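Here are the chains, one letter per residue:
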Amino acid sequence: MEVLTYQNTLAYAQQLDAEDPLAKYRNEFHYPQINGKDVIYFTGNSLGLQPKCTQRFVDDVMKDWRELAVEGHFYAEKPWWDYHERLAEGLGKVVGARPEEISVMNTLTVNLHLLMVSFYRPTQKRFKILCEEKAFPSDQYMLQSQVRFHGFAPNDAIIEVKKREGEHFWRTEDVLKAIEEAGDELALVLIGGVNYYNGQIFDMKEITKAGKSVGAFVGWDLAHAVGNIELNLHDWNADFAAWCSYKYMNSGPGNASGIFVHERHLGKKDIPRFEGWWGTKKETRFLMQPEFDAIETADAWQLSNPPILSVAPYLASLELFDEVGMTALIEKQKKIVSYLEFVLHEIDKEVESTFEIITPKDRGCQLSVFLHGEGRALFDYLMKNGVITDWREPNVIRLAPAPFYCSFTDMYTFGQILKQGILEK
């Protein structure tokens, strides 16, 4: 449906919901309540809502622990020793990878550090890392500490691709130019696939191709991309990627991270890697041999047995993703974000404030909006009136209408609350 046909009316929003094939999935999630009503939830880009099926998956693990104790590793209905393997096929569909290229372990920054052991191997000539300007702070700290660990100064080793003066987004041609200029000094390209602040999708296919062409490894932080946009990591030829599971993947706070390692790196005995016993082949793991015997999948990067109580909610959510499919989720994502954009422009015409959407058209499930002339008081008003959104200084709100549980009526109602908050100022 074209934006020009949209209407900023309750009846029209309700009509869109009636036509939405995913509308029924709203009932599969728990909602916080404010003033006795379900909230309008815009922060799935920070923490997804809890799927109702999660409790059953966690209860099953607790029951097995209670009744089987240590024997649950092998005799639970879903034995713990290979529990994480149940996520590989479903995650492969979400990120565009083969099951053997996927593993689930640890948390995001831990996994990025572990993957950099393998894929940041600097020499005196090739030692530079390219990232986006003002990457998520955890990535900045990680990159700085990695280059210092290898004896380099961050100012010398880290190339930050900047936005152009007066613009709020990165241009692909600027990223490609920076890669070309770094040339044989470039050891690694590591960028957030979807920027956390402005919601921009980077051209991962072209950037990966450019990085590989100069001999660098290329990896992606997919914290804001997984479960949100179309990904084809295997076909794009990325070396590695990692992501958290608690944003659009709805697995619960601080939960287990997923990793991707391209198949060309699997089964190699000479690859640098921090190793632990859960990365050894299952056939030899309990022989307690003195030498590491790597699994010939991405599981070789595991260190310890997985945290089952963290992985269980991930598996619960992933079953919903498998049922719906990324194609349907992305189709609704594009439509609901487009309708939200329309509503914002319509409200902007009715109030004296000026909204500036700084998210480019290459976007996922997020609009970042400058509220010119407004301050923190407007954000507080939204929160008190049942809209959970995210505030970033100085006056930006991030709105992420996740397609699983946000409705078109939510978008209309949010617009009315936003207008009232401005008019009552």
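This report concerns the structure included in the present document. (Residues numbered from 1 in each chain as written. Predicted model: local features only at pLDDT ≥ 70, side-chain atom pairs only at ≥ 80, totals over all residues. Heavy atoms only, no water.)

1. Considering the sheet that holds strand β14 (residues 390–392)
And then number 1: Overall, antiparallel pairing links the 4 strands, which are arranged β11-β12-β15-β14 in an open sheet. The open sheet terminates on both sides in strands that have one partner only, identified here as β11 (354–357) and β14. Neighbour-to-neighbour, the strand axes of this sheet turn through a mean angle of 30°, independent of strand direction.
And then number 2: As defined by bridge partners, β14 adjoins strand β15 (residues 396–399) across 3 bridges and the pair is classed as antiparallel. Counted as the bridge partner of W391 is I397 from β15. (Pairing = 2+ DSSP bridges. Helix = DSSP H or I, 4+ residues; strand = E, 2+ residues; numbered from the N terminus. Axes fitted to C-alpha atoms, helices over the stretch in contact; angles between N-to-C directions.)

2. Some words on the pattern of salt bridges
And then number 1: Counting across every chain of the model gives 26 salt bridges.
And then number 2: Taking the shortest distance from any N to any O, the salt bridge between R171 and E173 comes out at 3.7 Å.
And then number 3: With relative accessibility at 43%, the residue E173 sits in the partly exposed group.
And then number 4: In this structure, E350 and K419 form a salt bridge, with 2.8 Å as the shortest nitrogen-oxygen distance. Residue E350 is located in helix α13 (residues 326–350), and its partner K419 is located in helix α15 (residues 408–423); the two are separated by 69 residues in the primary sequence.
And then number 5: Residue E350 is classed as partly exposed on the basis of its relative accessible area, which comes to 41%. (Salt bridge = Lys/Arg side-chain N within 4 Å of Asp/Glu carboxyl O. Buried < 20%, exposed > 50% of the residue type's maximum accessible area, 1.4 Å probe, protein only.)

3. Notes on the packing of helix α5 (residues 108–119) against helix α6 (residues 137–149)
And then number 1: Taken N-terminus to C-terminus, the directions of α5 and α6 make an angle of 30°; their axes are 11 Å apart at the nearest point. By the angle class used here, α5 and α6 are roughly parallel. Judged by the twist between their axes, the crossing of α5 over α6 is right-handed. Counting all contacts with α5, which are made through T109, L112, H113 and M116, the residues of α6 involved are S138, D139, M142, L143, S145 and Q146. (Parallel < 35°, antiparallel > 145°, perpendicular 65-115°, else oblique. Left-handed = near helix turned anticlockwise from the far one by under 90°. Contact = heavy atoms within 4.5 Å.)

4. Thoughts on the nonpolar core
And then number 1: Of all hydrophobic cores here, the largest spans 109 residues; its most connected members are W220, W243, Y339, L344 and F414.
And then number 2: The greatest single-element share of this core, amounting to 11 residues, is contributed by α13.
And then number 3: With 32 residues, the next largest nonpolar core counts Y120, I158, L190 and L266 among its residues. (Core = buried A, V, L, I, M, F, W, Y, C linked by side-chain atoms within 4.5 Å.)

5. A short note on the sheet that holds strand β7 (residues 186–192)
And then number 1: Taken together, 7 strands build an open sheet; the order of strands is β4-β10-β9-β8-β7-β5-β6 and the sheet is mixed. At either end of the open sheet lies a strand with only one pairing partner, and these are β4 (102–105) and β6 (158–161). The sheet shows a mean angle of 20° between the axes of neighbouring strands, taken without regard to direction.
And then number 2: Note that strand β5 (residues 128–132) and β6 share 4 bridges and pair parallel. Among the inter-strand pairings, C131 is bridged to a residue of β6, identified as E160.

6. Focus: the environment of L68
And then number 1: Topologically, L68 is positioned in helix α2 (residues 54–68).
And then number 2: Residues contacting L68, with those up to four places away along its chain left out, are Y75 and A76.

7. As for the packing of aromatic side chains
And then number 1: Inspection of every chain in the model, using the stated rule, returns 25 aromatic pairs.
And then number 2: With 6.1 Å between their ring centres and 50° between their planes, Y12 and Y339 make a pair best called tilted. Taken together, the residues Y12 in helix α1 (residues 10–19) and Y339 in helix α13 connect sequence positions 327 residues apart. Each of the two residues, Y12 as well as Y339, counts as buried.
And then number 3: Residues W277 and W278 carry aromatic rings whose centres are separated by 5.1 Å and whose planes lie at 70° to one another, so their mutual orientation is edge-to-face. (Phe/Tyr/Trp six-rings, centres within 6.5 Å; stacked < 30°, edge-to-face > 60°.)

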